[in-house]
Amino acid sequence: MQDRNRPSTPRYLISPRYLAGPDPAAVTTADDVLLAAGWKATREPCHTDYRDPSGQRHARHLHSRAEHPGKPLMAWEFTASPCPAARVTWTAWFSHDTPPEITAASAAAFAAAVADDTPGPTPEDGPRYLLPPQSPHKATEALATAGWIRDIGRQDDSWYAPNEQAVVITATVPGTTGKAGANWLCAARRAADAMVLWVAVASPATPTHLMAALCRALTDPAPVPRHTLPDTEIGALTVAPCP
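Residues numbered from 1 in each chain as written. Predicted model: local features only at pLDDT ≥ 70, side-chain atom pairs only at ≥ 80, totals over all residues. Heavy atoms only, no water.

Enquirer: It is not clear to me how the packing of aromatic side chains should be interpreted in this structure. Could you clarify?
Expert: Aromatic rings in a pair are described by how distant their centres are and how their planes are angled relative to each other. Taken as a whole, this structure holds 7 aromatic pairs when the rule is applied. With 6.1 Å between their ring centres and 80 degrees between their planes, Phe78 and Phe110 make a pair best called edge-to-face. Taken together, the residues Phe78 in strand β5 (residues 74–80) and Phe110 in helix α2 (residues 100–115) connect sequence positions 32 residues apart. Phe110 gets classed as buried once you look at its relative accessible area, which sits at 1%. Taken together, the aromatic side chains of Trp39, Tyr50, Trp76, Phe78, Trp90, Phe94 and Phe110 make up a single cluster linked through ring pairs. Positioned above the aromatic ring of Tyr129, the side-chain terminus of Arg57 is 4.2 Å from the ring centre. (Phe/Tyr/Trp six-rings, centres within 6.5 Å; stacked < 30°, edge-to-face > 60°. Helix = DSSP H or I, 4+ residues; strand = E, 2+ residues; numbered from the N terminus. Buried < 20%, exposed > 50% of the residue type's maximum accessible area, 1.4 Å probe, protein only. Lys NZ or Arg CZ within 6 Å of the ring centre and 35° of its normal.)

Enquirer: Looking at this model, I keep getting lost on the packing of helix α3 (residues 137–145) against helix α4 (residues 208–219). Mind explaining?
Expert: Two elements in contact, α3 and α4, have axes separated by 8 Å at closest approach and are oriented at 10 degrees. Compared by their axis directions, α3 and α4 come out roughly parallel. Contact with α3, carried on its side by Lys138, Ala139, Thr140, Ala142 and Leu143, involves Thr208, Met211, Ala212, Cys215, Arg216 and Thr219 of α4 and no other residues of that element. Here the residues of the contact of α3 with α4 sort into 6 nonpolar, 3 polar and 2 charged. (Axes fitted to C-alpha atoms, helices over the stretch in contact; angles between N-to-C directions. Parallel < 35°, antiparallel > 145°, perpendicular 65-115°, else oblique. Contact = heavy atoms within 4.5 Å. Nonpolar A, V, L, I, M, F, W, Y, C, P; charged D, E, K, R; others polar.)

Enquirer: Explain the sheet that holds strand β9 (residues 166–171) here, please?
Expert: Hydrogen bonding along the main chain pairs the strands of a sheet, whether they run parallel or antiparallel. Within the open sheet, the 10 strands sit side by side as β2-β3-β4-β5-β6-β11-β10-β9-β8-β7. Their pairing is antiparallel. For this open sheet the edge positions go to β2 (40–43) and β7 (149–152), each flanked by a neighbour on one side alone. Across the sheet, the mean angle from the axis of one strand to that of its neighbour is 15 degrees, orientation sign disregarded. As paired elements, β9 and strand β10 (residues 184–189) share 5 bridges and run antiparallel to each other. Within the sheet, the bridge partner assigned to Ala166 lies in β10 and is Ala188. (Pairing = 2+ DSSP bridges.)

Enquirer: What's the story with the pairing of strand β4 (residues 57–62) in this structure? I'm lost.
Expert: Across a regular strand the side chains alternate sides, sitting on one face of the sheet and then on the other. Counting buried residues along β4, 5 of its 6 residues qualify, which places the element largely inside the surrounding structure. Summarising the sheet, strand β3 (residues 47–51) and β4 pair through 5 bridges and their orientation is antiparallel. Residue His47 lies in a different strand from β4, and its bridge partner there is Leu62. Counted along the chain from β3 to the antiparallel partner β4, the turn is 5 residues long, and its residue Gly55 has a positive phi close to 80 degrees.

Enquirer: It is not clear to me how the sheet that holds strand β13 (residues 238–241) should be interpreted in this structure. Could you clarify?
Expert: Taken in spatial order, the 3 strands make up an open sheet running β12-β1-β13, and their pairing is antiparallel. A single partner strand is all that each edge strand has here, and the edge strands are β12 (224–226) and β13. Averaged over all pairs of adjacent strands, the angle between their axes in this sheet comes to 35 degrees, without regard to strand direction. Alignment of strand β1 (residues 12–15) against β13, held across 4 bridges, turns out to be antiparallel. Following the sheet pairing, Leu13 is matched in β13 by Ala240.

Enquirer: Is there a simple way to think about the packing of α2 against α4 in this case?
Expert: Helices that pack against each other are described as a pair by the angle of their axes relative to one another and the distance between those axes. Between α2 and α4, the least distance of the axes is 9 Å, while the angle of their chain directions is 150 degrees. Taken together, α2 and α4 sit at an angle that is classed as roughly antiparallel. α2 and α4 meet at a crossing whose hand is right-handed. Here Ile102, Ala105, Ser106, Ala109, Phe110 and Ala113 of α2 lie close against α4, whose contacting residues are His209, Leu210, Ala213, Leu214, Ala217 and Leu218. By residue class, the composition of the contact of α2 with α4 is 10 nonpolar, 2 polar and no charged. (Left-handed = near helix turned anticlockwise from the far one by under 90°.)

Enquirer: I'm lost on the environment of Glu141 in this one. Help?
Expert: For Glu141, the location among the structural elements is in helix α3. Taking C-alpha positions, Glu141 is 8.8 Å from Arg216, a pair spaced 75 residues apart along the chain.

Enquirer: Would you take a moment to explain the nonpolar core for this structure?
Expert: What tends to happen in soluble globular proteins is that the nonpolar side chains get buried as a cluster. Tyr18, Trp76, Phe78, Phe110, Trp148 and Trp198 are the most contacted members of the largest nonpolar core, which has 48 residues in total. Of all the elements, α2 adds the most residues to this core, at 8 residues. Residues contacting Tyr18, with those up to four places away along its chain left out, are Pro99, Ile102, Trp148, Ala161, Asn163, Gln165, Ala166, Ala188, Trp198 and Leu218. (Core = buried A, V, L, I, M, F, W, Y, C linked by side-chain atoms within 4.5 Å.)

Printed below as a string of structure tokens:
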């Protein structure tokens, strides 16, 4: 469950957002986005489940890192299927320390796709939230525009932020398996020792337009509000006081 006892005014504005870190008192969270879109939340001691009114789209928020000790724990999981009893078509995961603005942007894109009943280009495509993946370049346009550096591999393309502290990795062919057994991997690292700060992973069938929303969230230059400053070893940040 998200923290509802949020201080009224954050003290700092921080960029880039992929290094801003978590904030238990974040102004906007995936929880806020899903509830505002009409999803229903079922709160359990260790997690909260969210379902859209049809029951075909699902999100889960894991509250405690201690739930799976010794394993990389994902805080958010988003899944979609063509009908409530069907097998999951795609899944996207976000680790605990993912900046909440990035998770919220992905949740907003997912909820908007669910609400969009515009039919796909062909009847076989199904609804927008189940569109088959297209060329990864359609998603990474935001990275190229923001000056991220592309490293072309035989099976994977890697896009590095200008400060080389964030990366987006995707298979070169849509629907194939890349690093970490997934079509997409996004991560940020600490400057001092290259320790991974957070990671997001999406399965091969995740619609390209949802990954494009994630890339836009990563490259959004607008600073994000924080109540406390990240650790000094994170790297170079632009910090300004909140007006």
